[in-house]
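# Coordinate analysis (summary)
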Amino acid sequence: MTEHTGAKYGGEPGSRGRTSIADVVVEKIAGMAARDVRGVHALGSGFARSMGSMRERMPGAGSGKSVTRGVSVEVGEVQTAIDLELVVDYGVSITDVAGAVRENVISAVERMAGREVVEVNIMVGDVKLPDEEDEEEEGEERQRLR
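Described in the following lines is the structure provided in the data block. Predicted model only: the values in this text are computed from it and were never measured.

### Things to note about the overall build of the protein chain
From N to C terminus, the protein chain includes four helices and four strands. Put simply, the protein chain has 146 residues, and 31% of those count as buried. By sequence separation, contacts in the protein chain at least 24 residues apart represent 73% of the contacts at least 6 residues apart. Of the roughly 9,500 Å² of accessible surface on the protein chain, 51% is carried by carbon and sulfur atoms.

In structure tokens form, the structure reads like this:
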């Protein structure tokens, strides 16, 4: 009985063909990983969040928050670079939160997408104060009052 190895038929099965990963896939992975970090209130600027919340209320625009808001990526064959815009909760150490976000995003993207993350650039665009309402919450409240 002869043993069939991948080498006889052109290499291991995992090396036969190419896998492409769309930018939006990496954006979603990075967005979810960033949101999982304690101290991250939201992703995206205040303006982007309020525009997104208006879009989400439009018929046919889909439901739920956009996971890719505040996330942009450049994805290559083996490497990727990620830019994130965060809103952090008041009172947290911004440098600690940014470090934890960077670590979580790199780990998730490398594990799930198999791409080396060469950089994660973080821009903190706002701080959520304890007595501030979110733009999304304000918009929903206005909708209920109508």
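### Describing helix 1 (residues 23-35)
Taking 1.5 Å of rise per residue, 13 residues should cover 18 Å, and helix 1 covers 18 Å from first to last C-alpha, within 8% of that figure. Those residues of helix 1 that sit buried are Val-26, Glu-27, Ile-29, Ala-30, Gly-31, Ala-33 and Ala-34. Looking at the packing, one finds that the buried side of helix 1 touches strand 1 (40-43), strand 2 (71-75), strand 3 (79-89) and helix 3 (94-113).

### Some points on the pairing of strand 2
Where strand 2 meets strand 3, five bridges bridge the pair, whose relative direction is antiparallel. Residue pairing in the sheet places Ser-72 in a bridge with Asp-83 of strand 3. The hairpin formed by strand 2 and strand 3 contains three residues between the paired strands.

### So, the pairing of strand 4 (residues 116-128)
In the case of a regular strand, side chains alternate between the two sheet surfaces. As defined by bridge partners, strand 3 adjoins strand 4 across 11 bridges and the pair is classed as parallel. Opposite Ala-81, over in strand 4, you have Glu-119 as the bridge partner. In this region the chain leaves strand 3, passes through helix 3 and returns to the parallel neighbour strand 4; the handedness of that crossover is right-handed.

### Brief notes about a negative patch on the surface
A surface patch of negative charge is lined by Asp-23, Glu-74, Asp-83 and Glu-119. Within the fold, Asp-23 resides in helix 1.

### Description of the packing of helix 1 against helix 3
It is at 8 Å that the axes of helix 1 and helix 3 come closest, and there the two elements cross at 140°. Viewed along their axes, helix 1 and helix 3 adopt a mutual orientation that is oblique. In this structure, the crossing between helix 1 and helix 3 has a hand that is right-handed. Between helix 1 and helix 3, the contacting residues are Val-26, Ile-29, Ala-30, Ala-33 and Ala-34 on the first element and Val-101, Asn-104, Val-105, Ala-108, Val-109, Met-112 and Ala-113 on the second. Of the residues belonging to the contact of helix 1 with helix 3, the class tally is 11 nonpolar, one polar and no charged.

### Observations regarding the environment of Leu-129
Here Leu-129 lies in the loop between strand 4 and helix 4 (135-145). Take Leu-129: its relative accessible area is 33%, and that puts it in the partly exposed class. Placed 39 residues apart in sequence, Leu-129 and Tyr-90 show a C-alpha to C-alpha distance of 5.2 Å.

Scoring rules and cut-offs
- Residues numbered from 1 in each chain as written.
- Predicted model: local features only at pLDDT ≥ 70, side-chain atom pairs only at ≥ 80, totals over all residues.
- Heavy atoms only, no water.
- Helix = DSSP H or I, 4+ residues; strand = E, 2+ residues; numbered from the N terminus.
- Buried < 20%, exposed > 50% of the residue type's maximum accessible area, 1.4 Å probe, protein only.
- Contact = heavy atoms within 4.5 Å.
- Areas by Shrake-Rupley, 256 points an atom, 1.4 Å probe, with all protein chains shown as cover.
- Expected span 1.5 Å × (residues − 1).
- Pairing = 2+ DSSP bridges.
- Right-handed = clockwise from strand over helix to strand, strands pointing away.
- Patch = residues over 30% accessible without salt bridge, like charges linked within 9 Å, V, L, I, M, F, W, Y side chains within 5 Å.
- Salt bridge = Lys/Arg side-chain N within 4 Å of Asp/Glu carboxyl O.
- Lys, Arg positive; Asp, Glu negative; His and termini not counted.
- Charge placed at Lys NZ, Arg CZ, Asp CG, Glu CD.
- Axes fitted to C-alpha atoms, helices over the stretch in contact; angles between N-to-C directions.
- Parallel < 35°, antiparallel > 145°, perpendicular 65-115°, else oblique.
- Left-handed = near helix turned anticlockwise from the far one by under 90°.
- Nonpolar A, V, L, I, M, F, W, Y, C, P; charged D, E, K, R; others polar.

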